[in-house]
Amino acid sequence: RSVNIVAFGNERDGFSEDNQQPSLIWSYLRRSALISQIDSSLSASHVGNPVFTEYQACVFGNVRLVVHDCPVWDIFDSDWYTSRSLIGGADIIVIKYSVNDKTSFQELKDSYVPMIKKALNHCSVPVIISAIGARKNGVPCTCPLCTSDRRSCVTTSEGVQLAKELGATYLELHTLNDFYIQKYFGGVLEYFMIQSLNQKSSEKMKKRKKTQKCHRVQPPQLEQPEKMPILKGEASHYDADLHNLLCCCQCADVAFCPEDLSTVVEAHKIILCSVSHLFMLLFEVKSPADIRDASIVRTAQSLFAVEAGAAGPPAPRSVPPCAPPVRVVVKDSVFCSCLPVILHFIYSGAFQWERLEEDIKKKLKDPEKTEHVLEKVKCILKTPGKLNTVRDCRSHQIKRLYNTSLRLFFNTPVLADVIFKIQGATVPAHRAVLVARCEVMAAMFNGNYLEANSILVPVYGVSKDTFLSFLEYLYTDSCCPASILQAMSLLICAEMYQVMRLQHICELYIITQLQSMPSRELASTSLSIVSLLKKAKFHNSDCLSTWLLHFIATNYLIFSQKPEFQDLSVEERNFVEMHRWPSNLYLKQLADYRNYVHSQKCHCTVM
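Residues numbered from 1 in each chain as written. Predicted model: local features only at pLDDT ≥ 70, side-chain atom pairs only at ≥ 80, totals over all residues. Heavy atoms only, no water.

The protein chain has the name RHBT3 protein in an unreviewed UniProt entry, where Cochlearius cochlearius is given as its organism.

Trainee: In this structure, what is going on with the side chain of H268? I would like to understand it.
Mentor: Inspection of the secondary structure puts H268 in the loop between strand 11 (265-267) and helix 8 (269-275). Looking at H268, its side chain comes within polar contact range of the side chain of Y347, at 2.8 Å. When residues no more than four places from it in sequence are discounted, the contact partners of H268 are L245, C249, Q250, C251, A252, D253, V254, Y347 and A432. (Helix = DSSP H or I, 4+ residues; strand = E, 2+ residues; numbered from the N terminus. Polar contact = N/O pair within 3.5 Å; in protein donor to acceptor, adjacent residues only side chain to side chain. Contact = heavy atoms within 4.5 Å.)

Trainee: Help me understand the sheet that holds strand 15 (residues 425-429), please; the structure alone is not making it clear to me.
Mentor: Adjacent strands of a sheet form backbone hydrogen bonds with each other and so pair up, either parallel or antiparallel. One open sheet holds the 3 strands; their spatial order is 15-14-16, and the pairing between them is mixed. Each edge of the open sheet is held by one strand with a lone partner, namely strand 15 and strand 16 (456-458). Geometrically, the sheet is characterised by an average inter-axis angle of 30° between neighbouring strands, direction not taken into account. Pairing of strand 14 (residues 418-422) with strand 15, which is carried by 5 bridges, proceeds in the antiparallel orientation. By the bridge assignment for strand 15, K421 is matched with T426. (Pairing = 2+ DSSP bridges. Axes fitted to C-alpha atoms, helices over the stretch in contact; angles between N-to-C directions.)

Trainee: What is the right way to look at the packing of aromatic side chains in this model?
Mentor: Two aromatic rings are characterised by how far apart their centres lie and by the angle between their planes. Evaluated as defined, the whole model comprises 22 aromatic pairs. When the centroid spacing of 6.0 Å and the interplanar angle of 85° are considered together, the rings of Y28 and F185 count as edge-to-face. Of this pair, Y28 sits in helix 1 (residues 24-31) while F185 sits in helix 6 (residues 178-215); the two residues are 157 residues apart in sequence, bridging distant segments of the chain. Relative accessible area serves as the criterion here: at 0%, F185 is assigned to the buried category. Measuring from ring centre to ring centre gives 5.2 Å for F179 and Y180, while their planes differ by 80°; the resulting arrangement is edge-to-face. Counting every residue linked through ring pairs, the aromatic cluster contains F256, F279, F283, F304 and F335. It is R437 that lies over the ring of Y473; its NZ or CZ is 5.1 Å from the centre. (Phe/Tyr/Trp six-rings, centres within 6.5 Å; stacked < 30°, edge-to-face > 60°. Buried < 20%, exposed > 50% of the residue type's maximum accessible area, 1.4 Å probe, protein only. Lys NZ or Arg CZ within 6 Å of the ring centre and 35° of its normal.)

Structure (C-alpha cells):
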C-alpha cells in the first residue's frame, strides 16, 4: 500500500533573503510523529534549480509515502509530459504559495491553474491550497513608483476564490511552526491520506471479488420448459346449423300455405315457438290466459288458421315420427308471399332486421304493403305486455332467439317428439334441434335406422348427467362442466356423436383447469393424469393427448413419484424422458455444483 503526494509552488517570498528556510513538505515530514524512514533525492536540474525533490518515507507504520515537491512552475512549460504524469499518479495534490508574492500568485492563477484543472478533468483527487506566511503590509506608500502597497500581498478572499475554482481545501499557515505544520496542515493531509487508502482498499476488494466471481464455478442455468401445444377454439356455427334446417326441411312439422293451398312452406314448431309467443299460442303451447296480451291474440286469429284437429302438440308415445305436418293457413296473402323471407330471418337468428326490411321492400316494391308486413313481423316478435318500436327490432335488441329461448324447451316434454331412455330414466327432446346440430343424429333419424321410426331411443355408454350436458350444448351452444372428470365424460360423448366443437371446448376446459392447479395440489390430487391421457388417446382427442404428455414431462418431478407413472407405455415414457423438465443434464450439473459448494465450505481458506 502506498500514497503519492505531489506539491507545486514555492512558499518562500521572492524578495526574502532567507533562502535557507525549510520547505512546507520537508517541515511536515521531519516533524510528524507518523513519518519514519525518510529518504530524499533531487531530480535533474532545470536552469540551475532542481525540477522536483522526491521524498520516500513510511506513514502509519507500513504504508509507503512518496512525495514529489516541485518548487518551480516552469515544469508545466518545459516538461508537460512529466507534470502530467505526476498529476495523473497523485493521490493528493498540494499547491503552495507565499502570501507576500502577489506576482507569483497571479502567474499561478492565470497560467497554471487552467493546466491543473485540465489535467484533473476526469479525476477526483483532493487538492490542498496552502497560503504560507504572515502578510507584511504596513502603512502604504503614496509614491506611484513604490511597489510596497496593499496589492503586494495575496488576500484571504483571493486564496479562497482560487480554492473554489479547483474544488480545493484552503489553508492559511502564518508560520511553519509545530502547530501549523503538525496540527493544521498535517491533520488535513493525514485525513486525505486515510481517505485515499480506504478508497484503494475498497477498489482492491471489488477487483478481488470480480476476479473470484470470474473464476468461481457458476450455478447451472435452468432453461424454461418447452412450450405447450396451443389449442385454438372453433368458431360457433350455431345460427348456420338452424338456418340449414330450414333449407333441407328435415323433421318439418308445420306446413304454411295460402287460402287457395297453392303453395307450401315447411317449418318447425320448436324453432317458431322459441322466438314468438304468437306461435306458442297458435300451437297451444300457451293459452290466451298465459299470454295476457290482446294484440298478440288478435294478430294470431287474423293472420293464421290451424286446420281442425292438428293444432295441439303431439303426444310422444302416441303420434309416430312420420305423422304429417300441421297445416297452417295464412289468411293475409301479402304476408304469405313474404313468408319464406320472414322464415329465413327467424331461422338465421332473428337479428338481421335491417336485411329483412331491405328484402321485403325489394319483393313488394310498395311502401304501404312493406310497412304492413313489417308491423305483422313486429307483432310476431313482440314480448307480451310491451310496445314494439322500430328501435326494439334493431339487431342489438332482438338477438335472443336460440341460445336463450331454446333453453326453455330443453329437457321438457313440450313439443317433444323423441324420448331418450338412459340409465332407467327418460329425457324428452326435439328431433329438429338434434338433426340441425348433430350430423350423427341427423343420419340416425333420417336414414334406414331403427331410431328413424321410433319414439323411444335407448342410449348406452354415457351417464344421464353427461347426456343431459350434451343435449344442453345442442340446445344452447354452451356448456359448463363442473369438474375435469365431467369434462372428460362430456368429451367422450361429443366424440361418440362427432360434435367436434363441443370436444374442443371440453379439451380447453381440462387444459385450463390443469394449468391453474398449483404444484402442491397437483402432487396431492387423486386425479389420474395418465388415465386422462389414455382416454384422450382412445377417443381420438389428439390435441389433448399431446398436451397431456407435455404436461407430464413439464412436471416430471411430480408425476415420476406417482404410481400411475408406471402405466405409461414405452413410447410415452420415451417421449416424457426426452422432453422432461428439468432435464437430466441440468440435475447432474446441479448436483456437481452442490458438491463444489460443499467442498468449498469444508476447506475454507479464510478460517
